[in-house]
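# A closer look at the structure
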Amino acid sequence: MNFAKLTALALVTVSLVGCASVGNETLRKESETSIQGKIVEGKTTKTQVREIFGSPLKASFTDSGLEVWNYEFSNVSADAISYVPIVNLFGASASGTKKELVVLFDKTNVVQRFTMNESAVKNKTGLFNN
């Protein structure tokens with residue numbers, strides 16, 4: 001009976017550790033195409049962007065004083081090798097996607113330009129992946 005409980009606990013732990021999402025959840029279902037339907041250069045305001053996507057992860061300014069907002073979302077899952085006992089100590093990995101939305105506002109707080117990128121990401125851990 002103790003073996004069954006230990007196995008169940010191990011499976012629950014592995015399933016919880018297997019996936020991780022970090023960042024702005026509103027970007028989870030967005031794509032480059034869907035963003036183009038929500039943000040229009042020269043029309044969409046800073047207030048509207050905040051209503052759609054919330055507060056940015058990072059805000060900065062260009063040398064000319066224009067404001068730039070950055071949004072990010074990453075979703076990764078542990079690769080199969082990560083579930084092999086002992087082996088995963090020597091080399092485990094997680095793969096997934098990262099989305100980044102960058103919005104540039106003009107001095108009247110209207111979107112001047114924006115870009116949305118989605119790329120594959122891979123994180124490696126363990127003794128042989130350093």
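Rules behind the numbers
- Residues numbered from 1 in each chain as written.
- Predicted model: local features only at pLDDT ≥ 70, side-chain atom pairs only at ≥ 80, totals over all residues.
- Heavy atoms only, no water.
- Phe/Tyr/Trp six-rings, centres within 6.5 Å; stacked < 30°, edge-to-face > 60°.
- Helix = DSSP H or I, 4+ residues; strand = E, 2+ residues; numbered from the N terminus.
- Buried < 20%, exposed > 50% of the residue type's maximum accessible area, 1.4 Å probe, protein only.
- Contact = heavy atoms within 4.5 Å.
- Core = buried A, V, L, I, M, F, W, Y, C linked by side-chain atoms within 4.5 Å.
- Polar contact = N/O pair within 3.5 Å; in protein donor to acceptor, adjacent residues only side chain to side chain.
- Arc of directions from axis to C-beta.

## Description of the packing of aromatic side chains
If you walk through the whole model with that rule in mind, you get three aromatic pairs. Pairing Phe53 with Tyr71 gives two aromatic rings, centres 5.7 Å apart and planes at 50 degrees, and the pair type is tilted. Taken together, the residues Phe53 in helix 3 (residues 46-53) and Tyr71 in strand 3 (residues 67-78) connect sequence positions 18 residues apart. Tyr71 shares its class with Phe53; the two are buried. Ring geometry for Trp69 and Phe105: centres 4.9 Å apart, planes at 70 degrees, overall edge-to-face. Taken together, the residues span a long stretch of sequence, with Trp69 in strand 3 and Phe105 in strand 4 (residues 92-105) at a distance of 36 residues.

## Focus on the side chain of Glu30
Note that Glu30 resides in the loop between strand 1 (19-23) and helix 2 (32-36). If near-sequence neighbours (up to four positions away) are discounted, Glu30 is found in contact with Ile35, Lys38, Phe53, Lys99 and Met116.

## Describing the nonpolar core
Ile35, Ile39, Phe53 and Leu101 are the most contacted members of the largest nonpolar core, which totals 14 residues. Among the secondary structure elements, those contributing two or more residues to this core are helix 3, strand 3, strand 4 and strand 5 (111-125). Setting aside its immediate chain neighbours within four residues, Ile35 contacts Leu27, Glu30, Phe53, Leu101, Phe114 and Met116.

## Here's the deal with the environment of Glu67
Position of Glu67 relative to the elements: it lies in strand 3. Judged by its relative accessible area of 15%, Glu67 falls in the buried class. The spatial distance from the C-alpha of Glu67 to the C-alpha of Lys107 is 7.9 Å, given a sequence separation of 40 residues. Ignoring sequence-local partners within four residues, the contact set of Glu67 consists of Lys46, Ala59, Ser60, Phe61, Val103, Leu104 and Phe105. Within the local environment of Glu67, its side chain forms a polar contact with the side chain of Lys46, the two groups lying 2.4 Å apart.

## Re helix 3
Working note: α-helix, 3.6 residues per turn, so residues spaced by three or four point in the same direction. Along helix 3, the residues that are buried comprise Lys46, Val49 and Phe53. Seen along its axis, helix 3 keeps its buried residues to an arc of 60 degrees; they face one direction. Exposed positions of helix 3 whose direction lies more than 90 degrees from the buried face are Thr47 and Glu51. One or two steps after helix 3, the chain reaches Gly54, where phi turns positive at roughly 80 degrees.

## Here's the deal with the side chain of Lys46
With respect to the element layout, Lys46 can be found in helix 3. In this view, Lys46 contacts Glu67, Trp69, Phe105 and Asn109; residues no more than four positions away in its chain are not counted.

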